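Chain and residue survey
What follows is each chain in one-letter form.
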Amino acid sequence: MANNVYIGERYVPIFVGDWDSTMSYEPLMIVQYGNNTYTSKRPVPVGTLPTDTNYWALTGNYNGQIISLQNQVSALNNSVNPIKGAYVTPEFYGAVGDGTTDDSAAINDALADGRPVVFTTGKTYKCDSFLTINANNKLYGNGCKILFDGGATLTPTDDLMLADHANNVLIDGFHFELTNPTVLLHCLSFFNSQAFDITNCIFSRFHGTCIRVNADNSFNIRNCRFYNITGDVGNPGECIFGQTWVNATVENCLCDTIDDHFVYITNNSRNVKIIGCKAIKCGQTTLANIGAAYQIYHDSENIIIDSCSDINCGRSGIQMEQYGAGGVATPKNITIINHSSTNCGSYWCKAFGNGVNNIQNVIISNCCIMDCANDAIRTEEVTGLVINGNIIKVGNSVQISMSNTHKAVISNNYLQGSNQRAIYVGVGDVGASDKIAIKNNIIDGATYRGVEIKMVSEPVQLSGNIMTNSTPLYSSKALVVGDSHDEASKHSITFGNLTDGTPHYTGDVIFNNNPSSGDPVGWICTSGDGEHFGTLKSFGTIE
């Protein structure tokens, strides 16, 4: 026979291709339908869909098999090969994290990967070489320590972690420390970058600057701590150094025992906020009496220091200055509010121009200053000054002193306990002040002078001031232009007696501070020039 002919029912399945709606099918015929295969169970009438289970059985579920296989492969990749997942770890590139092995290369490889880098809680990663921060790096420390070995291959004055033209970077939750704090090294340095955040980090035992920022935009440092930072002359130990720093915030940070500055803002930095920060013992160690807690230098502008504090600083709490001639611009638009200070080694707030340009527009408001070695607030070559609503308790120095200061309002302050002068206009010989208003202040216990006007080029406006247990207003007429101290606006109210020899101005009122029955309630000066006792008339009688 040329061909085999099979008679009877089929017992071997046969594949007949794609299902055809115009055909009928015998039992055990296999068709493909919707990427799956179906086998007929009995004779199938024309047009019966393979999904009809009365006639067909699903015998090849390829879609489900493929999906299941894909899920298994994905799970395997994520568990065995983290680099294919959402983040990498230094361990994937060979880091050990035992505090002894050099993990620099492994960490740099992880940073170069481009994915977020997640460090392991409780580990110490030792680095004998520098780390490079790249654009879009996200580093999550989870409380681990990065230990830089200053005695290894690192070169003095170098940057341990450097970001140059790297944007959109986050560094969170690390403890950075230097093993050999006699080698001058800077921890984190950022140049020509923007959109940086450093949060929840600790810096300890560094010899140099912890965070250096140069020509950067939108930079935030929050909830960081700095401990035992030292330096050398010319390379001071600083926590945060910002140069040409724009749109930046330093918030809820703390430093303790720092050679020099806590926050240093300089060189055309602008729009910087320092909020809720605390400085303890700046300038107290190797370079004693050097470091101000908050330094604003050169032509920085639009700086706000809000709700901060300084304690036991070797130099100033806050310093604004520009030394050197040549027309270099000075700081301007500086606001200091809600600040507290205790035991400054020098001035609390010092604002000095440079002999060519004045510092401009300084507001000091709602601050509390206790115990400075020198003047609490000292301004020299400043234009536009408001000192309002402050409490100043300083015993051994002037509380507010001004020279060559213009357009100033000193108002609503409580000044207590100075054995020098509470307010002194004209200290030094750098030039006369003008457009000064002193009003509505309470001065208590200023045993030398409550207010002294020495070098002014026009009348000083005094009104509404109350002095208790203080020597009232005094001026050196030879150094005052005009008849400024004979005006009614210069009157003062004090408590005293007629035996203290205090000079008075016409209109001054002195209440009797040792009253007895039959004594006058007080005296009013009917004729006085502020340099002599004057003519006093009593008023009232104590019954």
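Residues numbered from 1 in each chain as written. Predicted model: local features only at pLDDT ≥ 70, side-chain atom pairs only at ≥ 80, totals over all residues. Heavy atoms only, no water.

In this section: the packing of aromatic side chains. Enumeration over the complete set of coordinates arrives at 17 aromatic pairs. Between Phe196 and Phe219 the ring centres are 5.4 Å apart and the planes differ by 15°, which places this aromatic pair in the stacked class. Taken together, the residues span a long stretch of sequence, with Phe196 in strand β15 (residues 194-199) and Phe219 in strand β17 (residues 209-222) at a distance of 23 residues. Here Phe196 and Phe219 have matching classes, each one buried. Through pairs of rings, three or more aromatic residues link up here, namely Phe119, Tyr125, Phe174, Phe176, Phe203, Phe226, Phe262 and Tyr294. Here Arg42 stacks its cationic end above the ring of Tyr55, 5.9 Å away from the centre of that ring. The positively charged end of Lys350 is found above the aromatic ring belonging to Phe352, 4.6 Å away from the centroid. (Phe/Tyr/Trp six-rings, centres within 6.5 Å; stacked < 30°, edge-to-face > 60°. Helix = DSSP H or I, 4+ residues; strand = E, 2+ residues; numbered from the N terminus. Buried < 20%, exposed > 50% of the residue type's maximum accessible area, 1.4 Å probe, protein only. Lys NZ or Arg CZ within 6 Å of the ring centre and 35° of its normal.)

Turning our eyes to something else, we now look at unusual backbone geometry. In the Ramachandran plot, Asn247 falls in the positive-phi region, its phi being about 55° despite a non-glycine side chain. Here Asn247 falls in the partly exposed class, since its relative accessible area comes to 35%. Its identity is not glycine, yet Asn271 carries a phi of approximately 60°, on the positive side. Its place among the elements puts Asn271 in strand β22 (residues 270-275). Given a relative accessible area of 33%, Asn271 falls into the partly exposed group.

The next point concerns helix α2 (residues 104-113). Residues of α2 that are buried include every one of Ser104, Ala106, Ile107, Ala110 and Leu111, and no others. The buried residues of α2 occupy one face: seen down the axis, they fall within an arc of 165°. In this structure, α2 carries Ala105 and Ala112 as exposed residues pointing more than 90 degrees from its buried face. Downstream of α2 by one or two residues, Gly114 has phi in the positive range, about 100°. (Arc of directions from axis to C-beta.)

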